[in-house]
Amino acid sequence: MKPNLIIRFCCAYLSFLFLSSIIILGYKKPLEREDLFELNDSDSSYNVCPIFEKQWRKNILTNKKKQKFSFHKESKAKKPSLLHALWNTFNFSLIQVALFKVFADILAFISPLIMKQMILFCENHHDLVWNGYGYAVVLFIVVILQTLVLQLYQRFNMLNSAKIKTAVIGLLYKKALNLSNSSRKKFSTGEIINLFSRDAQQLMDLTVNLNILWSAPLQILMAIVLLWQELGPSVLAGVAVLVLVIPINALVANRLKMLKKSQTKNKDQQIKLLNEVLQGIKILKLYAWEPSYQKKITEIRKHELEIQKSGGYLTVFSMLTLTCIPFLVSLATFGVYFLLDEGNILTANKVFTFMSLFNILRLPLFDLPTVISAVVQTKISLGRLQDFLHAEELNPENVETCYPGNYAIEFTDASFTWEKSQPPTLNDLNIKIPEGALVAIIGQVGSGKSSVLSAILGEMEKLKGTVQRKGSVAYVSQQAWIQNSKLQENIVFGSVLQKQYYERVLEACALLPDLEQFPNGDQTEIGERGVNISGGQKQRVSLARAVYSGADIYLLDDPLSAVDVHVGKHLFEKVIGSSGLLKNKTRVLVTHNLTILPQTDLILVIESGKVAQMGTYQELLSKSKDFINLLQISSAQEKGKDIMKSYHIVPSICFLPLDQEKNFFMKKEKIPTGGVKFSSIVKYLQAFGWLWMWLCVATYLGQNLVSIGQNLWLSTWTKEAKQVKDTMEWKQLRNHKLNVYGLLGLIQGFLVCFGAYILTNGTFAASKTLHHQMLDSVMHLPFQFFETNPIGQIINRFTKDMFIIDVRFHYYLRTWVNCTLDVLGTILVIVGALPLFILVVIPLVFIYFTIQRYYIASSRQIRRLAGASRSPIISHFGETLSGVSTIRAFGHQQRFISQNRDLINENLVCFYNNIISNRWLSVRLKFLGDILVFFAALLAVLAGDAMDSTTVGLIISYALNITQSLNFWVRKTCEIETNAISIERVFEYTNIKKEAPWIKSNRPPSHWPDKGIVEFVNYEARYRPDLGLALQNVTFQTHSEEKIGIVGRTGAGKSTLTNCLFRIVEKSGGKIIIDGIDISTIGLHDLRGKLNIIPQDPVLFSGTLQMNLDPLENCSDNELWEALELCHLKDFVQSLPKRLLHEISEGGENLSAGQRQLVCLARALLRKTKILVLDEPTASVDYETDNLVQTTIQKEFADCTILTIAHRLHTVMDSERILVLDSGRIIEFETPQNLIRQKGLFSEMVKEAGII
């Protein structure tokens, strides 16, 4: 490369000229993701994560070797250090950045020395004028070099910090995929997300400022050495003041450490609870429990803010010490300087060299305590990260996957538990499953059926014996796990698309009729948690995923329970049975459907974690009376089961019938364009408090005026000192000047302290108000909002955005006010001393604002893109954690790690472009500041004898300061606008249309409803204004305490009818009247609190069993035990160590699906209302329990009006009347007997079901 090309390349690289095209484009139009520069390969997560993971594994192996040869007890052995692994991975980059910092610091101290020579030049008018010009040019070259080196330092520093965060997040994700069950209980989904969103971010933030830990002491040392040359030993007095402050900062840091620990616990609890609330929002709305859980979140937030306030007051104290340090050091240094020698006089070169050096010192003195505090906080975060990374993983020896034997699966004297500290869940299993066999596992609720599958997968801890399997595995969980992606992607699940086989799988899993109704066929996007498809559809998609995988062993955990009998038979015949697609595969099927047992090759009957019986159908039939009794109960129930023409059902989880689904999909996060709305800033200031705001501005104005006054006082002092010839007169002048200087310092300290106190209180008030408004708004949003917005997107507002509002925004606001006043004061001082300087300031200020305008337009949009790119990472994290068993079963961990890295890379693209744009701005602003310094020095030289050395020193010291202040001011202006996006995002949720008020002034009587008469009058409803009617002209009336069955094919409007009753969907016309009251005239909670529902999907929250049964604490213990007895859970709960206080894990994972359903039934029994809606509440329980539960419902709800949504016709055949729906209209409404005689739609369905 030619020399001139090299120079041009270096200039473009150092000035970030290559980014100008994006900056200009961003000014012309809102930037989009495609407009940004892509990542360098070296910065990609695909490069960073593997290198760090390799180093982490190396540390673990080294640690194991040390422990092996160590004489210490294992409990005392040190665990692998995350910090050590990070250093070993990134040490070269960190050292490179440190060298840039050293060079920049050295250059910073050269400027005051040149300024000193210029002052001496002005004092000595005999020197050649060219010396003055030479000093001005050298000063310009030095500040330019410092600018370029500082930009390189900041660029690579930010890149390193991003790499460290990327490496840690990658390792966290990989660890989450391998956690054991006991570790999952210790770390909830919310806590794990918090590790990623807060602790990894904390580590990154520290890395950005890490060099200050050694750089600040180095700068202080260099300053002391240079000051010694000016003021001699008196500098030691200033050093003594600095040393005395260290213990104070240590005490503050220690206290902040304790507060940080408490704060982190509160944040974990808040995110955990919020995540569960969002997951179970349907139940909260149906049961009108939002205020109860909102109160719980608010209580946690209250504790969090109290800790934040305490930390703020500590910050006030820190601000006081920081403000007082420069003035105390100056006071002590000058005082001792005068005491050492009566003849010591402050000259211009000494004072302004001293001032310039202390201006340099202000930043390290200000930053060092903050960084020490950050180190303390990061140490806690490191501890939390290490605790998670050291958590127990699944033992690969739990199951042997390379089994050479003749069986597909073999258990030999095997016992398993979910946690090593607990008694065995499965005991002494001896099972041999031949290759290609169909094996059925049956048993009562909680007997351990699903645990057998988990043991085969290696998900349980093996206590003894062996379990071996041969070949690959596919797994269908009892609660289907669906990804937020296209239907085809959910089924293909990372495999190569084979069109013909794919079509066969769709047909076998009864999905073809569904695809005809979906707007985009198999390219239709499935929402988060599968919210826009029915429970049956989710289960069939899950089954299709397993079938398409082409595995050797299929573990099927009751996949037929969520579908009607016709679909169940179709799936069994076409997929699972002897003529299905899997006929030659090994199939292990957990089921409650005993009618399929004759078609199986082997049957396992599980009781209390043991194999009670094992054999073929004929063998069990001939030797077991219990087995015969079980078959008889099943036969009685199966006789009435429904066989519908439709190939799928619409359980309560699906609130949208398919004809309304065509335009329904998960919304991507909206990225605003243009400037941040001024109204958002105004709302924040309102929450902050106008009084606090104006007081804050006044105190900072006073602080800056006093600071200018100190410098002008020193300048006047040096002028007057020149003219004093008498010693006594000098002493009087010195004492007077020193006293006033000290007084000004005390006033400044008071104002800073008072300002910080005001800021803390105002920030506390704003944070409290904004969080409360957002939480209240989210709780009042209609249910459709949660169906179309990913949970990660909502949680991101409560984590990242609230963190910025809590911690960062007020800091940027404070520094911006301070900088604005500082810049104005500096310009006024320089212009006052050198009027010609205004000719330089005006054009440069114009250029400043031009650059700022271009930069803000681009930077704001890049920040928005970065904010939007964080939500998918959180959503993917949460989605992975909920489906980790399925991911591990299929062996797709590496594919999901790649997906995680792709999402991280998308975020990094925005982050890196943001870094470079900041450097683009900074290098230009600093260059303009350097020009200001040059012209200030040049004009001072040109002034010649017209200007004394004191004024020259004042001008140049302020000019050197303005470079940093102006750059800082523009940066903070941009930071305020870009961080105000978080305020905008928080207020965005408060502006979304809410559901109807919870409570209205028109309240129903306390005894309402006392009859349970439900009347629909010409009722019509639609899900969105742009969609057709879901219910059309629906008119009917129930009698008091009547039992109504609601039937219809898929999309007929059954679930919509229920949603309208609870006002989940509001009316488009007509009305619903319950016991004489139009439900649209009363509040939602007055309505929903008087209705009862037992949904198909059981939703439990982490907490005690008692809390899950009675979150409002309205029932006595006796009532709880009575409800548990009626639900046949009393014996199980009494066997638990803590009984009613037994801790339910997140999502109720430590209970079986059947037990969770029974807890929901008990919850309904405790809620004494006159109207009950049933939505197939016993789909996940065995037939014996189902029979007992149905009897309980008939007895305990005998005096209630019951509306039963029928997915199986036998559940409504004993109803007094049947409501038949089709396409949102009532087709028939009569007694079952009359409907059968009428030969209509219901009669046709009953005949198909074989009931008549």
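Residues numbered from 1 in each chain as written. Predicted model: local features only at pLDDT ≥ 70, side-chain atom pairs only at ≥ 80, totals over all residues. Heavy atoms only, no water.

If you look the protein up in an unreviewed UniProt entry, it shows as Multidrug resistance-associated protein 1-like from Vombatus ursinus. As stated in UniProt under Subcellular location (unreviewed entry), the record for the protein gives "Vacuole membrane". The record in UniProt for the protein states the following under Sequence similarities (unreviewed entry): "Belongs to the ABC transporter superfamily. ABCC family. Conjugate transporter (TC 3.A.1.208) subfamily." (UniProt positions renumbered as here; feature names shortened; annotations may be inferred.)

Student: Residues and numbers for the sheet that holds strand β4 (residues 461-469), please.
Tutor: Pairing is antiparallel across the open sheet formed by three strands, whose spatial order is β2-β1-β4. Looking at which strands have only one partner, the edges of the open sheet turn out to be β2 (426-434) and β4. Averaged over neighbouring strand pairs, the angle between their axes works out to 5 degrees when direction is ignored. Pairing geometry for strand β1 (residues 407-417) and β4, over seven bridges, is antiparallel. In the sheet register, E410 faces β4, and the bridge partner there is Q468. (Pairing = 2+ DSSP bridges. Helix = DSSP H or I, 4+ residues; strand = E, 2+ residues; numbered from the N terminus. Axes fitted to C-alpha atoms, helices over the stretch in contact; angles between N-to-C directions.)

Student: Provide a residue-level description of the nonpolar core, including the pertinent values.
Tutor: A general feature of soluble globular proteins is that nonpolar side chains tend to end up buried together. Ranked by size, the top nonpolar core spans 184 residues in total, and within it L82, F388, I491, C509 and F877 carry the most contacts. Other than its neighbours up to four places away in sequence, I491 contacts Y502, L506, L511, V541, A544, R545 and Y548. (Core = buried A, V, L, I, M, F, W, Y, C linked by side-chain atoms within 4.5 Å. Buried < 20%, exposed > 50% of the residue type's maximum accessible area, 1.4 Å probe, protein only. Contact = heavy atoms within 4.5 Å.)

Student: Any details on helix α33 (residues 1117-1126)? Residues and values, ideally.
Tutor: Those residues of α33 lying buried are L1120, W1121, A1123 and L1124. For α33, the angular spread of buried residues about the axis comes to 160 degrees, placing them on one side. (Arc of directions from axis to C-beta.)

Student: Provide a residue-level description of unusual backbone geometry, including the pertinent values.
Tutor: Put simply, W1008 and P1009 share a cis peptide bond, and its omega is -10 degrees. Position of P1009 relative to the elements: it lies in the loop between α29 (949-990) and β10 (1014-1021). The backbone of F493 sits at a positive phi, close to 50 degrees, despite the residue not being glycine. As for its position among the elements, F493 is in the loop between α14 (487-492) and α15 (499-508). Positive phi values are uncommon outside glycine, yet N1018 reaches one of about 45 degrees.

Student: Describe the sheet that holds strand β18 (residues 1171-1174), with residues and values.
Tutor: Two strands in a sheet stick together by hydrogen bonds in their backbones, pointing the same way (parallel) or opposite ways (antiparallel). Taking strand neighbours across the sheet as the criterion, the six strands line up as β15-β18-β19-β12-β20-β21 in an open arrangement whose pairing is mixed. A single partner strand is all that each edge strand has here, and the edge strands are β15 (1091-1094) and β21 (1225-1230). Between one strand axis and the next, the sheet turns by 20 degrees as a mean value, whatever way the strands run. For β18 and strand β19 (residues 1201-1205), the ladder comprises four bridges, and the chain directions are parallel. Within the sheet, the bridge partner assigned to V1173 lies in β19 and is L1203.

Student: Quick one: what's the story with the pairing of strand β8 (residues 602-607), residue by residue and with numbers?
Tutor: Buried residues dominate β8, accounting for five of its six residues. Taken together, the five bridges between strand β3 (residues 438-443) and β8 define a ladder with parallel strand orientation. Residue pairing for β8: I441 is matched across the bridge by L604. Alignment of β8 against strand β9 (residues 610-615), held across five bridges, turns out to be antiparallel.

Student: Residues and numbers for the UniProt feature "transmembrane region" (unreviewed entry) in the protein, please.
Tutor: Feature annotation in UniProt places "transmembrane region" (unreviewed entry) on residues 6-27, 85-113, 133-153, 234-253, 311-340, 738-759, 823-851 and 927-947, given in this structure's numbering. Within the segment residues 133-153, helix and strand shares are 100% and 0% respectively, and the terminal C-alpha atoms sit 30 Å apart. Within the segment residues 823-851, helix and strand shares are 90% and 0% respectively, and the terminal C-alpha atoms sit 17 Å apart.

Student: Lay out α15 in plain terms, naming residues and giving numbers.
Tutor: Regarding α15, the residues found buried are Y502, V505, L506 and A508. The buried residues of α15 occupy an angular sector of 165 degrees when the element is viewed end-on, so they sit on one face.

Student: Could you give me a rundown of the packing of aromatic side chains, with the residues and numbers involved?
Tutor: Here the structure, examined in full by the defined rule, presents 27 aromatic pairs. Between W481 and F493, the aromatic rings sit 6.2 Å apart at their centres with planes inclined by 85 degrees, giving edge-to-face as the arrangement. With W481 in the loop between β5 (473-476) and α14 and F493 in the loop between α14 and α15, this pair connects stretches of sequence that are twelve residues apart. Here W481 falls in the buried class, since its relative accessible area comes to 6%. Linked through ring pairs, F140, F927, F934 and F935 together constitute an aromatic cluster. The ring of F493 carries R545 above its face, with NZ or CZ at 5.1 Å from the centroid. Here the basic side chain of R797 rests over the ring of Y989, its NZ or CZ set 4.5 Å away from the ring centre. (Phe/Tyr/Trp six-rings, centres within 6.5 Å; stacked < 30°, edge-to-face > 60°. Lys NZ or Arg CZ within 6 Å of the ring centre and 35° of its normal.)

Student: Requested: an account of the pattern of salt bridges, with residues and values cited.
Tutor: For the structure on display, the rule yields 26 salt bridges. K285 serves as the salt-bridge partner of E995, at 2.9 Å between the closest nitrogen and oxygen. Note that E995 is positioned in the loop between α29 and β10 and K285 in helix α10 (residues 281-286), a separation of 710 residues in sequence. Here K285 falls in the buried class, since its relative accessible area comes to 0%. (Salt bridge = Lys/Arg side-chain N within 4 Å of Asp/Glu carboxyl O.)

Student: Before we move on, can you summarise the packing of helix α7 (residues 189-209) against helix α26 (residues 837-882) with the specific residues and values?
Tutor: The interhelical angle for the contact between α7 and α26, taken along N-to-C directions, is 145 degrees, at an axis separation of 10 Å. As for how α7 packs across α26, the hand of that crossing is right-handed. On α26, the residues touching T189, I192, I193 and F196 of α7 are I873, I874, F877, G878 and L881. Counted by class, the contact of α7 with α26 contains seven nonpolar, two polar and no charged residues. (Left-handed = near helix turned anticlockwise from the far one by under 90°. Nonpolar A, V, L, I, M, F, W, Y, C, P; charged D, E, K, R; others polar.)

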